[in-house]
Amino acid sequence: MTASRTRPVIGIALEPFGWHPAAFAELGADPLEATSAEHWVGLARSAEEAAADFVTFEDSFTLTARDRLTGRFDATLLAARVAPATDRIGLVPTVTATHTEPFHASKAIATLDYVSGGRAGILPTTTGRDADAALFGRKQAQDAASQAVEASEYITVVRDLWDSWDDDAVIKDVDTGRYVDRDRLHYIDFQGENFSVKGPSITPRPPQGQPVVVVRVSDSASESVAASADVAVVVARAEEDLASTAARLHAAGVARVLADVTVYLADSARTAVRRIEKLDRREEHADDTLVHAGTGEDLALLVERWHALGVDGVRLRPGVNAVDLPRLRDSFAPLIGGAPATGSLREILGLTRPAARFARVGGAL
């Protein structure tokens with residue numbers, strides 16, 4: 001179940017210095033800053049000031065063009081560090097479903113939900129790289145269709161494990177010395193193509209019941225995975241394609257559909273384009289979604305137009321954090337109507353808290 005939202009959903013995707021691989025060089029930043037927890041706390045606080053509803057943290061098994069100079073933190077652990085230092089923003093770390101175990105991801109995200117006071121989400125992703133498969137040695141690299149099946153099973157298992165504790169399973173009965181009521185814990189008995197998981201989890205049901213599941217959609221395979229998600233982040237295309245994709249995902253049961261946009265802001269579109277050209281001279285970069293080079297006002301108008309087409313909001317990817325996060329705060333956020341919502345991430349996004357599916361009602365399952 002969802003509640004209506006008049007204000008577009010605004011997410012911000014955080015990378016160490018920005019989404020352009022030469023972002024660290026534009027203002028002479030020290031690459032070692034990316035291995036400082038305080039650097040990431042500052043980025044998350046800047047996103048809060050820019051009126052974002054949530055932030056995402058990228059992750060991968062091997063280094064990318066944006067972090068090869070520094071390495072990177074585990075995204076879920078990083079989100080847990082950022083949580084106590086932020087007040088209201090949702091925290092959505094990337095978790096690579098391929099080659100990893102959903103049991104571990106489930107308990108880690110449940111813990112993040114407790115640490116953040118109900119502001120956790122998860123962004124499962126996949127990999128078909130030979131180098132990633134070699135790190136584990138369990139199986140060969142998979143094609144897109146096989147990755148999608150595994151990711152869908154992963155989400156199913158994670159959700160089942162979150163529901164394997166009833167909300168009232170923790171009883172803390174001093175007289176009998178029982179911390180939990182074992183009758184309120186449930187074996188999920190999942191048997192799939194990639195996983196066999198019995199459960200229950202070792203972490204109580206999260207404050208949100210189900211932390212928010214976010215999936216990025218870039219092709220038909222990832223779109224099939226999004227049917228299991230609460231939020232789909234789609235590659236921005238022509239507006240008619242974007243509208244039809246949003247309608248199709250909503251019809252499949254996805255509550256919120258957002259468009260991915262990389263942003264370079266300036267006082268004029270001409271100056272913003274020159275910013276990109278300067279960065280590309282250092283290191284040429286081909287983006288995988290729409291690039292907005294212009295003013296904050298232009299971006300606000302674009303988001304408003306997409307919102308009218310049925311797209312619930314955007315995930316903004318700042319080209320250079322040091323430049324674009326302050327401009328998002330000063331020239332974009334004031335033009336988005338209404339104050340950002342507060343509460344749990346589900347409440348922020350207008351999603352209801354689901355009941356535990358395995359809970360006994362009236363003595364029966």
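Notes on the structure in this doc start here. (Residues numbered from 1 in each chain as written. Predicted model: local features only at pLDDT ≥ 70, side-chain atom pairs only at ≥ 80, totals over all residues. Heavy atoms only, no water.)

**Thoughts on the nonpolar core**
Item 1. Grouped together as the largest cluster of nonpolar side chains are 71 residues, with contacts concentrated most on Ile-12, Phe-57, Leu-299, Trp-306, Leu-316, Leu-328 and Phe-332.
Item 2. Counting residues per element, this core draws most heavily on helix α6 (residues 144-162), which supplies eight residues.
Item 3. In this view, Ile-12 contacts Ala-47, Ala-50, Ala-52, Phe-54, Val-55, Thr-56, Arg-315, Leu-316, Pro-318, Leu-325 and Leu-328; residues no more than four positions away in its chain are not counted.
Item 4. In this structure, Phe-54, Val-212, Ile-348 and Leu-349 belong to the second largest nonpolar core, which totals 14 residues. (Core = buried A, V, L, I, M, F, W, Y, C linked by side-chain atoms within 4.5 Å. Buried < 20%, exposed > 50% of the residue type's maximum accessible area, 1.4 Å probe, protein only. Helix = DSSP H or I, 4+ residues; strand = E, 2+ residues; numbered from the N terminus. Contact = heavy atoms within 4.5 Å.)

**Side note on the pairing of strand β10 (residues 231-235)**
Item 1. In terms of residue burial, β10 counts as a mostly covered element, since five of its five residues are buried.
Item 2. As for the winding sense of the linkage, the β-α-β connection from strand β9 (residues 212-217) through helix α7 (residues 220-226) to β10 is right-handed. (Right-handed = clockwise from strand over helix to strand, strands pointing away.)

**A word on the side chain of Gln-142**
Item 1. If you trace the backbone, Gln-142 turns up in the loop between α5 (130-136) and α6.
Item 2. Within the structure, the side chain of Gln-142 is placed 3.2 Å from the side chain of Lys-139, a separation counted as a polar contact.
Item 3. Among the polar contacts made by the side chain of Gln-142, one reaches the side chain of Glu-150 at a distance of 3.0 Å.
Item 4. Residues contacting Gln-142, with those up to four places away along its chain left out, are Thr-98, His-99, Gly-128, Gln-147, Glu-150 and Asn-194. (Polar contact = N/O pair within 3.5 Å; in protein donor to acceptor, adjacent residues only side chain to side chain.)

**A closer look at the packing of helix α3 (residues 75-82) against helix α4 (residues 102-115)**
Item 1. Following both chains from N to C, one finds α3 and α4 inclined at 10°, their axes separated by 9 Å at the closest point. Judged on the interaxial angle alone, α4 and α3 are roughly parallel. Along its contact with α3, which presents Thr-76, Ala-79 and Ala-80, the element α4 presents Ala-108, Ile-109, Leu-112 and Val-115.
Item 2. Counted by class, the contact of α3 with α4 contains six nonpolar, one polar and no charged residues. (Axes fitted to C-alpha atoms, helices over the stretch in contact; angles between N-to-C directions. Parallel < 35°, antiparallel > 145°, perpendicular 65-115°, else oblique. Nonpolar A, V, L, I, M, F, W, Y, C, P; charged D, E, K, R; others polar.)

**Side note on helix α2 (residues 37-49)**
Structurally, the α-helix is built with 3.6 residues per turn, so residues lying three or four positions apart point the same way.
Item 1. For α2, which comprises 13 residues, the first-to-last C-alpha distance of 19 Å matches the rise-based estimate of 18 Å (1.5 Å per residue) to within 8%.
Item 2. Listed as buried for α2 are His-39, Trp-40, Val-41, Leu-43, Ala-44, Ala-47 and Glu-48.
Item 3. Of the surrounding secondary structure, the elements contacted by the buried residues of α2 are β1 (9-14), β2 (54-57), α3 and α11 (321-332).
Item 4. Trailing α2 by a residue or two, Ala-51 shows a phi angle of about 65°, which is positive. (Expected span 1.5 Å × (residues − 1).)

**Brief notes about the environment of Leu-185**
Item 1. Checked against the element boundaries, Leu-185 lands in the loop between β6 (178-180) and β7 (190-191).
Item 2. As a C-alpha pair, Leu-185 and Pro-318 span 133 residues in sequence and 43 Å in three-dimensional space.
Item 3. Residues in contact with Leu-185, not counting those within four places in the same chain, are Ser-164, Trp-165, Ala-169, Val-180 and Pro-200.

**Some words on the side chain of His-20**
Item 1. Among the structural elements, His-20 can be located in the loop between β1 and α1 (23-26).
Item 2. Residue class for His-20 comes out buried when judged on its relative accessible area of 2%.
Item 3. Engagement of the side chain of His-20 in a polar contact is seen with the backbone nitrogen of Ala-22, the distance being 3.0 Å.

**Points about unusual backbone geometry**
Item 1. Cis rather than trans, the peptide bond between Gly-199 and Pro-200 has omega equal to 0°.
Item 2. Looking at the secondary structure, you find Pro-200 in the loop between β8 (196-197) and β9.
Item 3. Backbone geometry places Lys-172, a non-glycine residue, at a positive phi of 50°.
Item 4. The residue Lys-172 is located in strand β5 (residues 170-173) in this model.

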